[in-house]
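Tertiary structure, described
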Amino acid sequence: MSKTATASPPEDLKCGTLTYTKAALVTLFIWLLWGDFCFTLMETVVPSIVPLHLKGLNCPNWLIGLILSTIPNLMNMTVSPYISVRSDRCRSRWGRRIPFIATSIPFLFISLVMIGYSHDISTWMSRTVPLLKDIAPGTVTVGLIAVLMMFFQFFNQFVNSTFNYLFNDVVPQSHIGRFSGAFRIVGTAVSALYNFFIFRYAESHSREIFLGAAILYAIGFGLMCFMVKEGEYPPLDESQDKKASRWENLCTFFRESFHEPFYRLLFISAGILAFAGVAWSFQVFFLLEMKMDLQQIGLYNGILMLAGMVATFFAATFVDRWHPLRAYTYGVIFTITGPVMNWVWLFIDLPGHIFFYLSLSAQLLYAFMNALSSACAMPLTMRLFPHSRYGQFCSARGIVYSICTILAGFLVGGFYDIVKTLSTAYLSTFSIVGPGYCYRFYFVWAGGATLLNFIVISLAYRRWLKLGGDANFHPPAPWTKEGFEHIPIVATTGYNSRWLKWSLHFMDFVQYGSLVMAVVMLWPFHVHGMKSANFWFLTAVIPLSIGVSFLWYLLSRRIRLDIAAAKCGDMPMYGIPHHGMMMVFGVKFSLTLGLVIAQFVVSIRLENCLYATLFALGNIVTNLLLILCTYVVIRMERGYSVKVDEASIINAGTN
């Protein structure tokens, strides 16, 4: 890879002053992914083994949480912003990110080795340091691990705060989605290999694991720093170059980072994700409550991890073509169907092996959607944040995320405790209610968080369109004379009428197929003597299905009329959704009908009329939400998606 080229390279193989051949770009990807492999393994080892050490030393849970969660998040709120801003302003012969990464390597190596040998070190300290002789050896070991973990977390902030920023500086914008997908595949593969082959030795061979991870990280990550070259950066602007006090720099940091509503909305969205994510840390308790055993849980998570890797491989390409903000926004909006459709588990109690297959099938159906949203995380910020202050804006986002993570840690636990108290007091007469019943309410918490994110990200998407969208968006930047910072514009695929019509056909199949299925189910219910199910289907399920199908007919007719108008060159009355994302959802929810059939089959085998009715009502609620999501999308696109069958939205966009 070089900074000059003898022949003029394609624009999509340029990144700042760096230009690549296809072979050089592949080489760059290999070295960055190798660095990610070493870094991910190192970061996987520490949080998986240290809790076992602390628990074995009878360390209280609050102290474990303080060491492993609270302190890292506090550092992310304080140390990371400082490093991020300093790296943005760094101009050295080695670049602006690699100096920070390379400098931290020896310190992380030392901390990893010392954590691995913490028991031996604390034993030696207890024998040789007079002040420690009267303190219990276990207490000395806990104190040593706490100090070493703070040392480790401090220097790890140098990597966490700059490694991802490096990708934005060396990877062409047109390929960042594909790189992000490969990045996630490598991370997932490392975690899977570690859990399959190494974690079983976490207690018996922890010293060797820490030592091996430290050596691999020091050598492997060091090689990456040596082989990856950064380009030349533009000189610092006046506000970056001037001397100022720490207070003035802090005020500038927040003023620049939070000045624009678009950025604030993106930061809030990240914070909401923290609230949803912390709740899912209780997943194992929910699955145990649903009568799955540990072996099934391990298999369940392993299959989903493998499916996620495969889905990411295919999803990553579309992130670049459809724009990461569009893919992420559509994904957030339609993902609300997930937690809401799972409300049925508040009332249904199946044998563990049956729930295993039903739940696994549902999660697999969401695999591609989840992979698409995950693959958007990295390119989203790279396409939307100012490049001159990319680290600064990422750290501002990280501050909001860390604050919400800390708050969520307290609030989610309190939420489960309150639900447990209320369910024990008022619902204990129901057989389904037991000690772990409160964990079924994860979907209530996640549904609320998803709904908030639904609103926030919709507003952010609308603001992005007003700021120029695909064709003309440049990050708002009050420190420039123009008020924005120029970044490369990457072509995105235009709205295609053919594929959009096909996606509507899939949605038709979902809505009308659900109605037909509800009618067809009357016969097997009659054969198996399930009179109550027949009654509720005739009086509630079928009438509601007819109403939902009619609403879909009205909405889909609007979309089809707008497609026809756009093809004739007229202005659409409402808005045209993007064909790619709608195709993803159409196919996904069409396959969901098979899951609904499986739910009915289970209900019939158990001869449970209540379960059959609840599954049917859950499907109706899901279909109603699909209509709501589609309506929000076309309202979001109103006035901006005005042309179809253009090869690129940039060519179709208005200046």
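These remarks concern the structure in this document. Please read all numbers here as calculations on a predicted model, not as lab measurements.

We now examine the overall build of the protein. On a plain count of helices and strands, the protein comes out with 26 helices and two strands. In terms of overall dimensions, the protein is globule-like: its C-alpha atoms have a radius of gyration of 27 Å, near the 26 Å expected for 655 residues. In terms of overall dimensions, the protein has a C-alpha envelope of 80 × 70 × 45 Å along the principal axes. Taken over 655 residues, the protein has a buried fraction of 54%. Taking the intrachain contacts of the protein between residues at least 6 apart in sequence as the baseline, contacts between residues at least 24 apart amount to 84%. Of the roughly 29,700 Å² of accessible surface on the protein, a fraction of 67% belongs to carbon and sulfur atoms.

With that out of the way, let us pick up the packing of aromatic side chains. Enumeration over the complete set of coordinates arrives at 53 aromatic pairs. Plain terms: the ring middles of F163 and F221 are 5.1 Å apart, the flat faces sit at 70° to each other, and that makes the pair edge-to-face. Of this pair, F163 sits in helix 6 (residues 163–170) while F221 sits in helix 8 (residues 206–227), placing them 58 residues apart in sequence. The exposure class of F163 is buried, given its relative accessible area of 1%. On the basis of an interplanar angle of 25° and a centroid distance of 6.5 Å, the ring pair of F550 and Y553 is categorised as stacked. You can see F550 and its partner Y553 sitting in helix 23 (residues 531–567), three residues apart, about one turn around the helix. Owing to a relative accessible area of 48%, F550 belongs among the partly exposed residues under this scheme. Counting every residue linked through ring pairs, the aromatic cluster contains Y165, F253, F254, F258, F262, Y263, F267, F385, Y390, F393, F473 and W479.

Another point: the packing of helix 1 (residues 22–56) against helix 5 (residues 137–160). In contact at an axis separation of 12 Å, helix 1 and helix 5 are set at 160° when each is read in the N-to-C sense. Relative to helix 5, the element helix 1 lies roughly antiparallel. Crossing angle aside, the handedness with which helix 1 passes helix 5 is left-handed. Across the interface between the two elements, F39, M42, E43, V46, V50, H53 and L54 of helix 1 pack against V142, I145, M149, F152, N156, V159 and N160 of helix 5.

Moving on to the packing of helix 1 against helix 6. The interhelical angle for the contact between helix 1 and helix 6, taken along N-to-C directions, is 175°, at an axis separation of 12 Å. One way to sum up the angle between helix 1 and helix 6 is to call them roughly antiparallel. For the pair helix 1 and helix 6, contact is made by L28, L32, G35, D36 and F39 and by F163, L166, F167 and V170, respectively. Its residues placed into classes, the contact of helix 1 with helix 6 shows seven nonpolar, one polar and one charged.

Before going further, it helps to spend a moment on a nonpolar patch on the surface. Together, Y512, F550, L551, Y553, L554 and L624 give the surface a local cluster of nonpolar side chains, amounting to about 540 Å² of exposed area. For the nonpolar patch, the element with the most residues is helix 23, which contributes four residues. Inspection of the secondary structure puts L551 in helix 23.

This paragraph deals with unusual backbone geometry. Although it is not a glycine, N58 sits at a positive phi angle of roughly 60°. Tracing the chain through its elements places N58 in the loop between helix 1 and helix 2 (61–89). Residue classification places N58 among the exposed residues on the basis of a relative accessible area of 71%.

Attention now moves to the side chain of S126. Relative to the elements of secondary structure, S126 occurs in helix 4 (residues 118–128). What makes S126 buried here is its relative accessible area of 14%. In this structure, S126 is in contact with L132, K133, P137 and V140, ignoring residues within four places of it in sequence.

Residues L32, F167, F179, F334, W345 and F585 are the most contacted members of the largest nonpolar core, which totals 206 residues. Discounting residues that sit within four places of it in the chain, F179 has contacts with F29, L32, L33, F167, V171 and M378.

What follows covers helix 21 (residues 497–520). Here helix 21 spans 33 Å end to end across 24 residues, near enough to the 34 Å set by a 1.5 Å rise per residue. At G513, helix 21 is deflected by roughly 25°, the largest bend along its length. Of the residues that open helix 21, the one with a side-chain oxygen 3.0 Å from the backbone nitrogen of R498 is N496.

Cut-off values and rules
Residues numbered from 1 in each chain as written. Predicted model: local features only at pLDDT ≥ 70, side-chain atom pairs only at ≥ 80, totals over all residues. Heavy atoms only, no water. Helix = DSSP H or I, 4+ residues; strand = E, 2+ residues; numbered from the N terminus. Rg over C-alpha atoms; globule rule 2.2 N^0.38 Å. Buried < 20%, exposed > 50% of the residue type's maximum accessible area, 1.4 Å probe, protein only. Contact = heavy atoms within 4.5 Å. Areas by Shrake-Rupley, 256 points an atom, 1.4 Å probe, with all protein chains shown as cover. Phe/Tyr/Trp six-rings, centres within 6.5 Å; stacked < 30°, edge-to-face > 60°. Axes fitted to C-alpha atoms, helices over the stretch in contact; angles between N-to-C directions. Parallel < 35°, antiparallel > 145°, perpendicular 65-115°, else oblique. Left-handed = near helix turned anticlockwise from the far one by under 90°. Nonpolar A, V, L, I, M, F, W, Y, C, P; charged D, E, K, R; others polar. Patch = residues over 30% accessible without salt bridge, like charges linked within 9 Å, V, L, I, M, F, W, Y side chains within 5 Å. Salt bridge = Lys/Arg side-chain N within 4 Å of Asp/Glu carboxyl O. Core = buried A, V, L, I, M, F, W, Y, C linked by side-chain atoms within 4.5 Å. Expected span 1.5 Å × (residues − 1). Bend = angle between axes of the 7 residues up to and from the residue. Polar contact = N/O pair within 3.5 Å; in protein donor to acceptor, adjacent residues only side chain to side chain.

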